[in-house]
Amino acid sequence: MFHPSFSDSAHDPVVGQASRLFSTCLHQKHDRRDALSYQAHSRNPTTSHFDACSAARPAMLHISNAVSLTLMAFVLALDSLANVAQDAKSLTTVSFTNDIAPVLIKKCLTCHGPEKAKGGYQLHTFELMLKAGDSESSPITAGEPDESELQRRLTTADPDDRMPQKDDTLPAAQIALFARWIKEGARFDGNDPKAPLVSLVPRASHPEPPASYRFPMPVTAVAFNLDAQELAVGGYHEITIWSPTEGKLLRRIKNVAQRTQALAYQPKGSLLAAVGGAPGEAGEAALFDPVSGSLVKLLGTMSDVMLAACFSPDGSRLAAGGGDNSIHIFDIATGKEQLLIQQHADWVMALAFDGDGTHIASASRDRTARIYNSKTGELETTYNDHNTAVFGVALGSDGKRAYSAGRDRKIHLWEAKDGKKSGEIGGFDDDVVRLFFKKDNLFSCSTDKLIRQHAMPDRKLVRTYSGHKDWVHALDYHPGANRLASGSHDGEVRIWNTEDGTLLKTFVAAPGYVTAQNSK
């Protein structure tokens, strides 16, 4: 609600006018109070009742007139305030980035985004938004809402034609806003009409996470810090930091995307990278100070949720990929996107740099795993032998051998140079969802609720880590501390000793949630 401030009047004539009207009402209220006070204290105790009434009658008439005038002034002031607010609103030009783009992102991108172009129409960038779809009717005719196909689709009563389909009609105020924007010339007030709409909209603060979780959230991301004394875990609009030895919550990082899908600590640095978002709406890649919890840099916002992230070995770059089918490589020092790789035809599920950071591997739902030059983005190798969705990928220390796995319940071994298959590892009872390679150890986790450790290059099964009661989504391994962290769909985190396979700690990564085990 708008409350005019007297101090604002010197800076804003509209606010100033509202303030003066409001001030007039206040002064008249004080005048009425003073009149009543004066009459109450001017009674003569010796005056007869008749005389007192006669004497008081003009005064009461004066008070009644004052009240009437005050009420009239108050009503006029309210009416004037409403007119001022309406005038101010009508004088304000509709902003594409602030007013129009957020609605398009939330209501339209699912059907008219980079992955799906219903009716041959896409609007995930302003440039594409102006191009006709299969109807060949102009989506936007500047200055003419009635001649604009987009406006017609927003207002039509035909459910087969109306946008958004299979959803409620936009509120009348939003439809009117679109009409005003078109009437005003359909101006673009962003920096780049070719940029994704989500990158144009100013980042708003994310909602607060729950003070206490009533139910655990699936653990989709875990990461040890550099000395393995802390473990970061993805939550709901937050990242929680835990002691892996005690299973105690150390602190909470807020102002985070809805769900965090991947976490990575910066090698030789002090930053924590987090990628995630809301499926079908927006994604982001961000850098946090894991000690203070502050947002250091928002590297990028994307048209769909981000699912994978990894730092280059020297910590100077971050790669992120996800539901926009793309790989984004950012320079950490400047926060700018250095490279955009758009080769996959479906979600990018996993990413991995090689040992010297010159190449990056990707896994995708488009049934391929690929290797690129990380400096130029040039595609060097494509592996096609999965014939189903690929969820995990890893590169050997020397970058010569690649590993990929997915819905076919196998780990494929292949040559990074030419994509020739050199072997496979079986024995999985369900999808393999993560691969992690370090120090000649290949770790994998699966929806069969198990984690497996294989020694490379002989593919020997070192051990199987069992005990999770639900799908295992997340893994991280710290070779210096011989510690393995795993996270499952039921919110449970487990910490293991990789020297002997013993379970060191189990906890549910949901602040405030009390389990039967830790309530004892």
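Refer to the structure printed above.
All of the points below concern the structure found in this document.

Analysis parameters
- Residues numbered from 1 in each chain as written.
- Predicted model: local features only at pLDDT ≥ 70, side-chain atom pairs only at ≥ 80, totals over all residues.
- Heavy atoms only, no water.
- Helix = DSSP H or I, 4+ residues; strand = E, 2+ residues; numbered from the N terminus.
- Buried < 20%, exposed > 50% of the residue type's maximum accessible area, 1.4 Å probe, protein only.
- Pairing = 2+ DSSP bridges.
- Axes fitted to C-alpha atoms, helices over the stretch in contact; angles between N-to-C directions.
- Core = buried A, V, L, I, M, F, W, Y, C linked by side-chain atoms within 4.5 Å.
- Contact = heavy atoms within 4.5 Å.
- 1 Å grid on protein atoms, 1.4 Å probe; cavity = no way out; pocket = protein on both sides within 12 Å on 5 of 7 lines; lining within 4 Å.
- Points joined across faces, edges and corners; volume = space filled by probe spheres on them.
- Nonpolar A, V, L, I, M, F, W, Y, C, P; charged D, E, K, R; others polar.
- Parallel < 35°, antiparallel > 145°, perpendicular 65-115°, else oblique.
- Left-handed = near helix turned anticlockwise from the far one by under 90°.
- Polar contact = N/O pair within 3.5 Å; in protein donor to acceptor, adjacent residues only side chain to side chain.
- Salt bridge = Lys/Arg side-chain N within 4 Å of Asp/Glu carboxyl O.
- Expected span 1.5 Å × (residues − 1).
- Arc of directions from axis to C-beta.

Considerations on the overall build of the protein chain
Of regular secondary structure, the protein chain possesses eight helices and 28 strands. The proportion of buried residues among the 520 residues of the protein chain is 48%.

Re the sheet that holds strand β10 (residues 317–322)
Across the sheet, which stays open at both edges, the four strands sit in the order β9-β10-β11-β12 with antiparallel pairing between neighbours. Edge strands, defined here as strands with exactly one partner in the open sheet, are β9 (306–311) and β12 (337–341). Taking each pair of neighbouring strands and ignoring which way they run, the sheet shows an average axis angle of 20°. Sheet topology note: the β9/β10 ladder contains five bridges and is antiparallel. Its bridge partner being in β10, C310 is matched across the sheet by A319.

Description of the nonpolar core
Core analysis: the largest hydrophobic core is formed by 28 residues, its most contacted members being F96, L104, M129, F178 and W181. Looking at this core, the elements with two or more residues in it are α3 (96–107), α5 (126–129), α6 (149–155), α7 (172–183) and α8 (197–200). Non-local contacts of M129, meaning those with residues more than four positions away in its chain, are made with F96, L104, Y121, Q122, L123, P139, I140, L150 and W181. L271, A273, A285 and F330 belong to the second largest nonpolar core, which has 16 residues in total.

Things to note about α3
If you check which residues of α3 are buried, you get F96, T97, I100, A101, V103, L104 and I105. Turning to α3, the residues buried within the fold contact α4 (109–112), α5, α7 and α8.

Some points on the pairing of strand β16 (residues 379–383)
Summarising the sheet, strand β15 (residues 369–373) and β16 pair through four bridges and their orientation is antiparallel. Residue pairing for β16: Y372 is matched across the bridge by L379.

Some remarks on empty space enclosed by the protein
According to the stated counting rule, one finds one cavity of 30 Å³ or more in the structure shown. As a volume, the largest cavity reaches approximately 50 Å³. Lining the largest cavity we find V256, A257, R259, T260, A274, V275, G276, E284, A286 and F288. Split into classes, the residues belonging to the lining of the largest cavity amount to six nonpolar, two polar and two charged.

Overview of the layout of surface pockets
Computed from the structure, the largest pocket encloses a volume of approximately 1300 Å³. Residue lining of the largest pocket: 48 residues in total, with C310, F436, F437, K438 and D476 positioned closest to the centre. Mapped onto the lining of the largest pocket, the elements with two or more residues apiece are β1 (222–224), β5 (259–265), β9, β13 (348–353), β17 (390–395), β21 (432–438) and β25 (472–478). When grouped by side-chain class, the residues that make up the lining of the largest pocket number 32 nonpolar, eleven polar and five charged.

Remarks on the packing of α3 against α7
Contact geometry of α3 with α7 gives a least axis separation of 11 Å together with a crossing angle of 130°. The angle between the axes of α3 and α7 places the two elements in the oblique class. The hand of the α3/α7 crossing is left-handed. Taking contact as the criterion, the partners of F96, D99, I100, V103 and L104 in α3 are, on α7, Q174, L177, F178 and W181. For the contact of α3 with α7, the per-class residue count stands at seven nonpolar, one polar and one charged.

Considerations on the side chain of T381
Looking at the secondary structure, you find T381 in strand β16. Residue T381 is classed as buried on the basis of its relative accessible area of 5%. In terms of polar contacts, T381 uses its side chain to reach the backbone carbonyl oxygen of A416, at 2.6 Å. Side-chain polar atoms of T381 contact the backbone oxygen of K417, separated by 3.3 Å. Residues contacting T381, with those up to four places away along its chain left out, are A369, R370, I371, W414, E415, A416, K417, D418 and G419.

Some details on the pattern of salt bridges
Per the counting criterion, the structure on display carries 19 salt bridges. Note that R251 and E230 form a salt bridge whose closest N and O atoms lie 2.7 Å from each other. In this pair, R251 sits in strand β4 (residues 249–253) while E230 sits in the loop between β1 and β2 (231–234), placing the two residues 21 residues apart along the sequence. Judged by relative accessible area, R251 falls into the partly exposed class, the value being 22%. A relative accessible area of 17% means that E230 is categorised as buried. Each of E149, R152, R153 and D161 takes part in a single network of salt bridges with overlapping partners.

A look at α7
The end-to-end C-alpha separation of α7 is 16 Å, in line with the 16 Å expected for twelve residues at 1.5 Å each. Those residues of α7 lying buried are I175, F178, W181 and I182. What you see down the axis of α7 is that its buried residues fit within an arc of 120°, all on one side. For α7, the exposed residues lying more than 90 degrees away from the buried face are A172, A173 and K183. Residues of α7 that are buried in the fold lie against α3, α5 and α6.

Some details on the side chain of T240
With respect to the helices and strands, T240 occurs in strand β3 (residues 239–242). A distance of 2.7 Å separates a polar atom in the side chain of T240 from a polar atom in the side chain of W242. Excluding residues that lie within four positions of it along the chain, T240 makes contacts with L231, A232, V233, L249, R251, R252 and P511.

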